[in-house]
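Remarks on the overall topology
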Amino acid sequence: MSAIDGPGVPHGLASDTDPARRRAALRDLLSAPEPLVLPGVSDALGARLTDRAGFAACYASGAGIANAQFGVADVGLVSLGEVVEQVERITDATGRPVIVDGDTGHGGPLSVMRTVHLLERAGAAGIQLEDQQMPKRCGHFDGHQLVDAGEMVAKIHAARRARSGQGAEALVILARTDARGVYGLDEALRRAHVYLDAGADGLFVEAPQGVEELERVGREFRGVPLVANIVEGGKTVPLTVAELSGLGFSIVLYANFLMRAMAFAGQQALRYLAEHGETNGFTDRILPWAQRQELFALPGLTALDSAFAEVIAGAEG
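Keep in mind that this is a model prediction, so the values were computed, not measured.

Cut-offs used in this document
Residues numbered from 1 in each chain as written. Predicted model: local features only at pLDDT ≥ 70, side-chain atom pairs only at ≥ 80, totals over all residues. Heavy atoms only, no water. Pairing = 2+ DSSP bridges. Helix = DSSP H or I, 4+ residues; strand = E, 2+ residues; numbered from the N terminus. Axes fitted to C-alpha atoms, helices over the stretch in contact; angles between N-to-C directions. Parallel < 35°, antiparallel > 145°, perpendicular 65-115°, else oblique. Left-handed = near helix turned anticlockwise from the far one by under 90°. Contact = heavy atoms within 4.5 Å. Nonpolar A, V, L, I, M, F, W, Y, C, P; charged D, E, K, R; others polar. Buried < 20%, exposed > 50% of the residue type's maximum accessible area, 1.4 Å probe, protein only. Polar contact = N/O pair within 3.5 Å; in protein donor to acceptor, adjacent residues only side chain to side chain. Core = buried A, V, L, I, M, F, W, Y, C linked by side-chain atoms within 4.5 Å. 1 Å grid on protein atoms, 1.4 Å probe; cavity = no way out; pocket = protein on both sides within 12 Å on 5 of 7 lines; lining within 4 Å. Points joined across faces, edges and corners; volume = space filled by probe spheres on them. Phe/Tyr/Trp six-rings, centres within 6.5 Å; stacked < 30°, edge-to-face > 60°. Lys NZ or Arg CZ within 6 Å of the ring centre and 35° of its normal.

All right, on to the sheet that holds strand β3 (residues 98-101) then. Ordered in space as β1-β2-β3-β4-β5-β6-β7-β8, the eight strands form a closed barrel in which the pairing is parallel. Put simply, the sheet's adjacent strands are angled 25 degrees from each other on average, direction ignored. Of the strand pairs in this sheet, strand β4 (residues 126-130) and strand β5 (residues 172-177) are connected by five bridges, and their pairing is parallel. If you follow Gly 126 over to β5, its bridge partner there is Val 172.

If you want it as structure tokens, here you go:
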């Protein structure tokens, strides 16, 4: 069997997982007894790395895209079109489900419908929407402003109306509330119940503070797909995955751990180059040449290219 007819095509050349299957796979993961550990990614490299590390899904981070792709803080400066373009690259680099940070939905209910349509078409298996006003801010910043709960309910209905697929193949909608930092935990829990009743598939109560608040959130929504967002240095105490699972959280999100680790490693590498004027002494801290090429599917691409060259030669002969 030649490479042309053989199994598997490198990502970026053809899709090996259709969107409905990705959505169904995500729902299976959310209903599994073990927690879903969800690394955040900001680009296709991050998606490939999470695949290689064995994670079952990843999260297209709005903050990560703003930081890594545009060099700006997570304060609502990145447009829907720019997010969609990046999500297309991320989903094209992995066959596994991708949950996308949809921020506020980029406007009112009609804008939410457009956001869901475009992100789903870009390959999203799930979308997170939040109840902040535009322009939004990172959930671990201060100074949030929220829309009324009724407006967020309308957005959830709009998202459900816009999504394609039914039942197990329907797009997963996660509803996030940032009310803890504005009105306190009681209001955050009240809103979360309202959003669940409106049809959200899962909940994301952002930035609970202290173990007691995490326990309360987990107890309140036991059995519901529930996100714990671990931000290193942020407002939520960094418990382990096992501890959070024990409290009732079925999704443990590390939205920007990978991006921050890569940024730190980059700083270290560039500092070394600036100080030493060479890179030979740093090679034990970079990805080896062969592993780099394998990560980006060079062997498969080379074999496929050679197979096509044989076809051309045979036709000309």
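Once you've had a look at it, read on.
Quick look at the packing of helix α4 (residues 80-92) against helix α5 (residues 109-121) now. Orientation of α4 relative to α5, taken along the N-to-C sense of each, is 20 degrees, at an axis distance of 9 Å. Relative to α5, α4 is oriented roughly parallel. Helix-helix and strand crossings are classified by hand; for α4 and α5 the assignment is right-handed. Residue-level contacts link Leu 80, Val 83, Val 84 and Val 87 of α4 to Arg 114, Thr 115, Leu 118 and Leu 119 of α5. Its residues assigned to classes, the contact of α4 with α5 shows six nonpolar, one polar and one charged.

Position of Arg 180 relative to the elements: it lies in helix α7 (residues 180-183). Exposure remark for Arg 180: the relative accessible area of 16% places this residue in the buried category. One polar contact links Arg 180 to Glu 213, side chain to side chain, over a distance of 2.8 Å. With near-sequence residues (within four places) excluded, Arg 180 lies in contact with Leu 185, Ala 188, Glu 206, Ala 207, Pro 208, Gln 209 and Glu 213.

Take the nonpolar core next. What tends to happen in soluble globular proteins is that the nonpolar side chains get buried as a cluster. Core analysis: the largest hydrophobic core is formed by 57 residues, its most contacted members being Leu 119, Tyr 195, Leu 203, Val 217, Phe 221, Leu 244 and Phe 249. Among the elements that make up this core, the one with the highest residue count is helix α6 (residues 149-162) (seven residues). The contact partners of Phe 221, leaving out residues within four places of it in the chain, are Leu 189, Ala 192, His 193, Leu 196, Leu 203 and Leu 226. Among the nonpolar cores identified, the runner-up in size contains 15 residues, and Leu 36, Tyr 59, Ile 99 and Ala 255 belong to it.

By volume, the second largest pocket is sized at about 230 Å³. Taken together, Met 262, Ala 265, Gly 266, Ala 269, Phe 282, Arg 285, Ile 286, Leu 287 and Arg 292 form the lining of the second largest pocket. Sort the elements by how many residues they give to the lining of the second largest pocket and helix α11 (residues 257-276) lands first, with four residues. Tallied by class, the residues present in the lining of the second largest pocket amount to six nonpolar, one polar and two charged.

Turning our attention to the packing of aromatic side chains. Evaluation of the coordinates by the stated rule reveals one aromatic pair. Centre to centre, the rings of Tyr 272 and Phe 282 are 5.2 Å apart; their planes meet at 45 degrees, and the pair counts as tilted. A residue pair is termed long-range when its members are at least 10 positions apart, and Tyr 272 in helix α11 and Phe 282 in the loop between α11 and α12 (289-295) qualify at 10 residues. In this pair, the class of Tyr 272 matches that of Phe 282, namely buried. A cation sits over an aromatic face here: Arg 176 above Phe 204, 5.3 Å from the ring centre.

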